Amino acid sequence: MNISVYLFGKLTGSYTQYPDDYTHTLLEGYENKIKSPSQLIIHRNNDLMYYTYIRQLSEHGKYIGICSVVNGVIINDLKQLQKIYDENINNWVVNGDILEFNDNGDIISNVDKLYKISSEFKRLSKSLAKQISDNGTIFSKLPPVNFSTSNTEEKQFSNETDNSVIVNATKDYANVFVYSDNASVALAGYASKLRKLNQENIALKEENARVNRLKKRTTIVSVLSIILLIGFILVIVLANRSSEQQRQIDALEKTNAKQEIYIRELQRDSTTLETQLYNTHQSLNYANSHIANLQKDSTNLTKHNQELQNDLYSQKQLTNTYRQESERKQRTIEENNKTITNLQTQLRNAQQTQTVPITISSIQIASTKKNGGIANDFGKYLYSSDSYYIWIKFTGKAASYGSKNITFKLYGPNNYSNQTLYSTHSEYITFYTCESTFSASKVLGKDGNKLPKGNYKVEILYDNKILKSQSFTLY
């Protein structure tokens, strides 16, 4: 299956997209539709389906988007598709591809323009497209366009809405928006741990700066104390000159004693501060070691995740092999059943040729309005709207001439499941020569009421034996 992948968004500055082509206007316009942390947007343009996923980044106004374009099919499991988108963006953040965590645990972009990573984009887009296409069971054939709705009409849902309701809306509306309040639970815990460790690291650095300031103050006080001590010695030398000086010396001695006590207190404070500084350094070393362990755990988790993805890929390959073998056997059974059916048909035709003088070779189906005008012509899709009668044209061959009583029966849906007989009509058709080929037509209905949607069948009988039947569907 061919899946085209686009990457776009506002990462650091203005809008950027890769590859940049006719989808530019459509994808850039989705910026005005962003209403939640993440949103899934489905857009239909004839046979092309655009499945777009947008996630907001931590910085206001910044976002990243992925768009996958498929042709002729519709995705029935939107929950699985959103899970694939989520897992890819999470891996980009953890591995540092396009997105990364900063010290505060915020998700930011490490590129400004997406064309700068064109080679890396090929690897990422190829991996994403393979994950989507490998889930083959989520695809089904795209139904015809519903012209009863405008190609600009849109429908909005929350992520809690039932998947089948959203999928049915994508069949009828040109734009369907699915909003989700939770961007990524998987990354929330990791971001919270980074944010907490960063705050603790800042606090430890501030405490370390405060301790250094106190230590510097303690050194200044020690120098001042030494100066005071020298002054005290000079005073003692001069004290013998007079009794007045002696009294001053006594006073200075008392002052010196107080200074010594103050110095001892400062020394104790210095010792306490040095102990606090040592403990702070130990805490910083522990925090750095814890961060290194977390980074190692992140690397191991990434490696384990890759191993799990490899195992999953191997299991999918094995499953595909089993499925292909099962499909081959199923095709063989179907071919055998077709052969049996063909043989039974040939036997029945041979029996009818022996007993029934008429054969019907083809039946064509159309529908008419209530007034008899054509609603859906022969060879076209048949739609229930404005269809009141079924008009059949049939071609056959008569084995003998004369009037033959032909019966026509119309079967239609009952509660959109089982078929029931809507109408039956018999009339004589005259054949004037033997082995003559004829063409005729007949109109059948259901009591003049509009025919509902569903599966139908027309039968043409002679003598209660089915000459030909034709099944068809009203959409």
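A short tour of the structure in this document, coming up. Because the structure is predicted, anything quoted here is derived from the model rather than measured. (Residues numbered from 1 in each chain as written. Predicted model: local features only at pLDDT ≥ 70, side-chain atom pairs only at ≥ 80, totals over all residues. Heavy atoms only, no water.)

A few words now on the packing of aromatic side chains. Here the structure, examined in full by the defined rule, presents 11 aromatic pairs. When the ring of phenylalanine 8 is compared with that of tyrosine 15, the centres are 6.3 Å apart and the planes differ by 40 degrees; the resulting orientation is tilted. Each member of the pair, phenylalanine 8 together with tyrosine 15, is buried. Taken together through their ring pairs, the aromatic side chains of Tyr381, Tyr383 and Tyr475 make up a single cluster. It is lysine 457 that lies over the ring of tyrosine 411; its NZ or CZ is 5.4 Å from the centre. (Phe/Tyr/Trp six-rings, centres within 6.5 Å; stacked < 30°, edge-to-face > 60°. Buried < 20%, exposed > 50% of the residue type's maximum accessible area, 1.4 Å probe, protein only. Lys NZ or Arg CZ within 6 Å of the ring centre and 35° of its normal.)

The next thing to look at is empty space enclosed by the protein. Evaluation of the coordinates by the stated rule reveals 1 cavity of 30 Å³ or more. Leu40, Leu78, Lys79, Gln82, Asn159, Ile166 and Val178 together form the lining of the largest cavity. Looking at the lining of the largest cavity element by element, the count peaks at 3 residues for helix H2 (residues 78-95). (1 Å grid on protein atoms, 1.4 Å probe; cavity = no way out; pocket = protein on both sides within 12 Å on 5 of 7 lines; lining within 4 Å. Points joined across faces, edges and corners; volume = space filled by probe spheres on them. Helix = DSSP H or I, 4+ residues; strand = E, 2+ residues; numbered from the N terminus.)

Here we take up the sheet that holds strand E2 (residues 15-18). Read from one edge of the open sheet, 7 strands run E2-E1-E5-E4-E3-E11-E10, paired in mixed fashion. In the strand order of this sheet, the two ends are held by E2 and strand E10 (154-158), each with one partner. This sheet shows a mean twist of 15 degrees between the axes of neighbouring strands, independent of strand direction. Two strands pair when backbone bridges link them, and strand E1 (residues 4-10) and strand E5 (residues 63-71) are joined in this way by 7 bridges, in the antiparallel orientation. The residue of E5 that forms the bridge with phenylalanine 8 is glycine 65. Set on the sheet, helix H3 (residues 118-134) makes contact with E1, E2 and E5; between it and E1 the angle comes to about 120 degrees. (Pairing = 2+ DSSP bridges. Axes fitted to C-alpha atoms, helices over the stretch in contact; angles between N-to-C directions. Contact = heavy atoms within 4.5 Å.)

Moving on, we get to the packing of H2 against H3. Between H2 and H3, whose axes approach to 10 Å, the crossing angle comes to 155 degrees. As judged from the angle between their axes, H2 and H3 are roughly antiparallel. In terms of crossing hand, the pair formed by H2 and H3 is right-handed. Here Leu81, Ile84, Tyr85, Asn88 and Trp92 of H2 come into contact with H3, specifically with Leu124, Leu128, Gln131 and Ile132. (Parallel < 35°, antiparallel > 145°, perpendicular 65-115°, else oblique. Left-handed = near helix turned anticlockwise from the far one by under 90°.)

The final tally for this structure, using the stated rule, is 9 salt bridges. Measuring nitrogen to oxygen at the nearest pair gives 2.5 Å for the salt bridge that ties arginine 55 to aspartate 86. Of this pair, arginine 55 sits in strand E4 (residues 48-56) while aspartate 86 sits in helix H2, and the two are 31 residues apart along the sequence. By relative accessible area, which is 18% here, aspartate 86 ends up buried. The partner of glutamate 120 in a salt bridge is arginine 123, with the nearest N and O atoms 2.2 Å apart. With glutamate 120 and arginine 123 both in helix H3 and 3 residues apart, the pair spans about one turn of that helix. (Salt bridge = Lys/Arg side-chain N within 4 Å of Asp/Glu carboxyl O.)

Counting 44 residues, the largest nonpolar core has Tyr51, Ile64, Leu78 and Ile98 as its most contacted members. Looking at this core, the element that brings in the most residues is H2, giving 7 residues. Not counting chain neighbours up to four residues away, the residues in contact with leucine 78 comprise Leu40, Ile42, Tyr51, Asn163, Ile166 and Val167. Judged by nonpolar contacts, the second largest core, of 23 residues, contains Ile390, Ile406, Leu451 and Tyr462. (Core = buried A, V, L, I, M, F, W, Y, C linked by side-chain atoms within 4.5 Å.)

Within this model, the second largest pocket holds a volume of roughly 520 Å³. Around the second largest pocket, the lining is made up of 17 residues, and of these Pro144, Asn146, Tyr383, Lys453 and Tyr475 lie nearest the centre. Of all the secondary-structure elements, those providing two or more residues to the lining of the second largest pocket are helix H4 (163-172), strand E18 (454-462) and strand E19 (465-474). Taken together, the residues that form the lining of the second largest pocket break down as 7 nonpolar, 7 polar and 3 charged. (Nonpolar A, V, L, I, M, F, W, Y, C, P; charged D, E, K, R; others polar.)

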